[in-house]
Amino acid sequence: SPSCPDGPKRRVCYYYDRGIAGVDYGEDHVMVPRRVDMAHALIRSYGLLGDMSRLRTRPATYDDISAFHDRGYADLLGSLTPEAFAGGGEAELTARSFNIGEPSKKEDPRSVDNPPIAGLWDYCCRYAGGSLAAARALAAGRHDIAINWSGGMHHACRDKASGFCYVNDIVLAIRELLAAFARVVYVDIDVHHGDGVETAFVDSGRVMTVSFHQGTTDFFPKGRGKLQDVGVGEGLYRAVNVPLHAGMDDEGYYGLFQPIMEKVMEVFQPEAIVMQCGGDSLSGDPLGSQNLSIAGHARCVRFMRSFNVPLLLLGGGGYTINHVAACWCYETAVALGKEIDDDIPQHCYDGYYQSQGYKLHYPVKKGLKNDNTNHHVTQTKNTVLRNLAELAA
Ligand code: V1S
Ligand code: CA
Ligand code: ZN
């Protein structure tokens, strides 16, 4: 079979749906679905589309979504419109009870986490449909790596929205993979804890969830992802949490990521990997305070790819849209085993990259304080490795 310098050539498939670009969380909202369109345009401008199969699929159905989500919640998602919500009455109350528009009326409507957006159901079905199709492509053995940058909505719960996430496409995709593979590892490098995914599989012996996240007091989702949260029942030691302080750099991050994921792969022997590549762990993100470069973020993707196990790459957070688009484009090249030029080609969104000198790799914050002491990092690593060793015993 054909090979590249780092092993066999990977068959990569890619999902992109232009119906997602126009979704609007609201003028002041930090979540901008257009960043996926920007990533796509960049990927196209580098000529990478020719190296991948394009996944054309149907949107997820009500049955697909209610395989995990509560039917009452799915019904609400399917019927809610901004007009019905604004009209008050039953629709508004029901939406608020599912954390859409927030439970409290006191909230400033411009800064609601989960607004009742126009085209909500269509949006959910499209990004979830992409992750499901990507999982099916891996399960059928047709591809080695599948990508959906519009997915990765890791906070959505069975019966409520949370953290800009309405439907948990990751849980749906993992369930699909479990029909074909005995064990699945989920690894989440978004700056937030992957709470919705961890909760869904916390007692499962077949899914191991690993989240690296900012774990400072009050950081969203508050109280989740503690080092001591290790799973329950059949899932004991199969939930891994790596909380970090602000200012983490590439070297410190990889110094944790590499040995932990190496051990995870050794003790759990997964048949498939799902990786949430949230771009809010990148330097300069307005919500996160980590200091990763695109190269540092992508190094984690490259490491997971090196195991040659079917790999599903998903998006997630990321609120400096030019940085996120550049990152996901570079990670698409990593998936393909290609090195791409640092100069951003001319394309429809190139003006967005002026602040980074039209280069893919923008500089991290020089002199930013790293609150992760060597002592703290070593202790965290040793605790996680000790827990994982329980599975090897
Ligand atoms: N941190 C943070 C943050 N910022 C916002 C926000 C900002 C502007 C808006 F117009 C609307 C919302 N919300 C939050 C967090 C949620 C973060 C979700 C991250 C999602 C992900 O990257 O992991 C994956 C896509 N929400 C909160 O902190 C909750 C509040 C406690 C404060 C904010 N208000 C709006 C709700 C309650
Ligand atoms: Ca995370
Ligand atoms: Zn996030």
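Cut-offs and rules
Residues numbered from 1 in each chain as written. Chains lettered and ligands numbered in written order. Predicted model: local features only at pLDDT ≥ 70, side-chain atom pairs only at ≥ 80, totals over all residues. Heavy atoms only, no water. Helix = DSSP H or I, 4+ residues; strand = E, 2+ residues; numbered from the N terminus. Rg over C-alpha atoms; globule rule 2.2 N^0.38 Å. Buried < 20%, exposed > 50% of the residue type's maximum accessible area, 1.4 Å probe, protein only. Contact = heavy atoms within 4.5 Å. Pairing = 2+ DSSP bridges. Right-handed = clockwise from strand over helix to strand, strands pointing away. Near = heavy atom within 4 Å. Polar contact = N/O pair within 3.5 Å; in protein donor to acceptor, adjacent residues only side chain to side chain. Areas by Shrake-Rupley, 256 points an atom, 1.4 Å probe, with all protein chains shown as cover. Donors = N, O, S within 2.8 Å, 3.2 Å for Na, K, Ca; no water. Patch = residues over 30% accessible without salt bridge, like charges linked within 9 Å, V, L, I, M, F, W, Y side chains within 5 Å. Salt bridge = Lys/Arg side-chain N within 4 Å of Asp/Glu carboxyl O. Lys, Arg positive; Asp, Glu negative; His and termini not counted. Charge placed at Lys NZ, Arg CZ, Asp CG, Glu CD. Tetrahedral: all angles 85-135°; square planar, octahedral: opposite > 155°, others 65-115°. Axes fitted to C-alpha atoms, helices over the stretch in contact; angles between N-to-C directions. Parallel < 35°, antiparallel > 145°, perpendicular 65-115°, else oblique. Left-handed = near helix turned anticlockwise from the far one by under 90°. Nonpolar A, V, L, I, M, F, W, Y, C, P; charged D, E, K, R; others polar. Core = buried A, V, L, I, M, F, W, Y, C linked by side-chain atoms within 4.5 Å. Arc of directions from axis to C-beta.

**Student:** Would you mind going over the overall build of the protein chain with me for this structure?
**Tutor:** Within the protein chain, the secondary structure is distributed over 12 helices and 10 strands. The C-alpha radius of gyration computed for the protein chain amounts to 20 Å, which stays within 12% of the reference 21 Å derived for 393 residues, consistent with globular compactness. Considered along the principal axes of its C-alpha atoms, the protein chain spans approximately 60 × 55 × 45 Å. For the protein chain, the residues scored as buried account for 56% of the 393 residues in total. Long-range contacts, defined here as pairs at least 24 residues apart, represent 77% of the contacts in the protein chain between residues at least 6 apart.

**Student:** How should the pairing of strand 10 (residues 311–314) be read in this particular structure?
**Tutor:** The two faces of the sheet receive side chains in turn, since in a regular strand these alternate between them. Burial along strand 10 is two-sided: Leu311 and Leu313 and Leu312 and Leu314, pointing in opposite directions, are all buried. Bridging between strand 5 (residues 145–148) and strand 10 involves four bridges; their strand directions are parallel. In the sheet register, Asn148 faces strand 10, and the bridge partner there is Leu314. Taken together, strand 9 (residues 272–276), helix 10 (residues 294–305) and strand 10 form a β-α-β motif whose crossover is right-handed.

**Student:** How should I be thinking about the site of ligand 1 in this particular structure?
**Tutor:** What surrounds ligand 1 is a group of 21 residues, the closest being Ser111, Asp113, His154, His155 and Tyr319. Within the contact set of ligand 1, an oxygen atom lies 3.1 Å away from a side-chain nitrogen or oxygen of His192. Asp280 is positioned such that a nitrogen or oxygen atom in its side chain is 2.9 Å from an oxygen atom of ligand 1. In the complex, the protein chains occlude 76% of the 750 Å² of accessible area that ligand 1 would expose alone.

**Student:** How should I be thinking about the coordination of the zinc ion (ligand 3) in this particular structure?
**Tutor:** Six octahedral donors around a metal ideally sit at 90 or 180 degrees from one another, while four tetrahedral donors ideally sit at 109.5 degrees. The zinc ion (ligand 3) binds to the protein through Asp190 (OD), His192 (ND1) and Asp280 (OD), with metal-donor distances spanning 1.9 to 2.1 Å. All donors to the zinc ion (ligand 3) come from one chain, and their sequence spacing reads D-x1-H-x87-D. A relative accessible area of 1% places Asp190 in the buried class. Under the relative-accessibility criterion, His192 is labelled buried at 7%.

**Student:** For this particular structure, what's the right way to read a positive patch on the surface?
**Tutor:** Residues Arg18, Arg44, Arg54 and Arg56 make up a contiguous surface patch of positive charge. Within the element layout of this structure, Arg18 appears in the loop between strand 3 (12–15) and helix 1 (34–45).

**Student:** For this particular structure, what's the right way to read unusual backbone geometry?
**Tutor:** Most peptide bonds take the trans configuration, and most residues that are not glycine carry a negative phi. Geometrically, the link from Phe220 to Pro221 is a cis peptide bond, its omega value of -10° lying close to zero. Here Pro221 lies in the loop between strand 7 (207–214) and strand 8 (239–244).

**Student:** Could you clarify how one ought to interpret the coordination of the calcium ion (ligand 2) in this entry?
**Tutor:** Asp188 (O), Asp188 (OD), Asp190 (O), His192 (O), Ser211 (OG) and Phe212 (O) make up the full set of protein donors to the calcium ion (ligand 2), lying at 2.4 to 3.0 Å. Geometry at the calcium ion (ligand 2) is irregular, judged from its six donor atoms and the angles of 69 to 165° they form at the metal. Mapped onto the sequence, the residues coordinating the calcium ion (ligand 2) show the spacing D-x1-D-x1-H-x18-S-F. Across the pair, exposure class does not vary: Ser211 and Phe212 are buried alike.

**Student:** What is the right way to look at the packing of helix 1 against helix 11 (residues 321–336) in this model?
**Tutor:** Angle between the axes and distance between the axes: these two values describe a pair of packed helices. Where helix 1 meets helix 11, the closest approach of the two axes is 8 Å, and the angle between their N-to-C directions is 45°. Relative to helix 11, the element helix 1 lies oblique. Relative to helix 11, the crossing made by helix 1 is right-handed. Only Ile321, Asn322, Val324, Ala325, Ala326, Trp328, Cys329 and Thr332 of helix 11 make contact with helix 1, whose side of the interface consists of Arg34, Arg35, Val36, Met38, Ala39, Leu42 and Ile43. Of the residues belonging to the contact of helix 1 with helix 11, the class tally is 11 nonpolar, two polar and two charged.

**Student:** When you look at the nonpolar core in this model, what are you seeing that I'm missing?
**Tutor:** Soluble globular proteins: nonpolar side chains tend toward being buried together. Formed by 71 residues in total, the largest nonpolar core has its most connected members in Phe212, Phe257, Ile260, Met261, Met275, Met304 and Leu313. Examining the composition of this core, we find that 12 residues originate from one element, helix 11, more than from any other. Setting aside chain neighbours within four positions, we find Ile260 in contact with Phe212, Val240, Val242, Val384, Leu385 and Leu388. Judged by nonpolar contacts, the second largest core, of 58 residues, contains Leu138, Ala173, Phe201 and Tyr319.

**Student:** Looking at this structure, how should I read helix 3 (residues 71–79)?
**Tutor:** Because an α-helix packs 3.6 residues into every turn, residues spaced three or four apart end up facing the same way. Residues of helix 3 that are buried: Tyr73, Ala74, Leu76 and Leu77. Relative to the axis of helix 3, the buried residues are bounded by an arc of 160° and lie together on one face. Its buried side turned inward, helix 3 meets helix 2 (62–66), helix 5 (89–97) and helix 6 (120–139). If you check the start of helix 3, you find a side-chain oxygen 3.1 Å away from the backbone N of Gly72, and it comes from Asp70.

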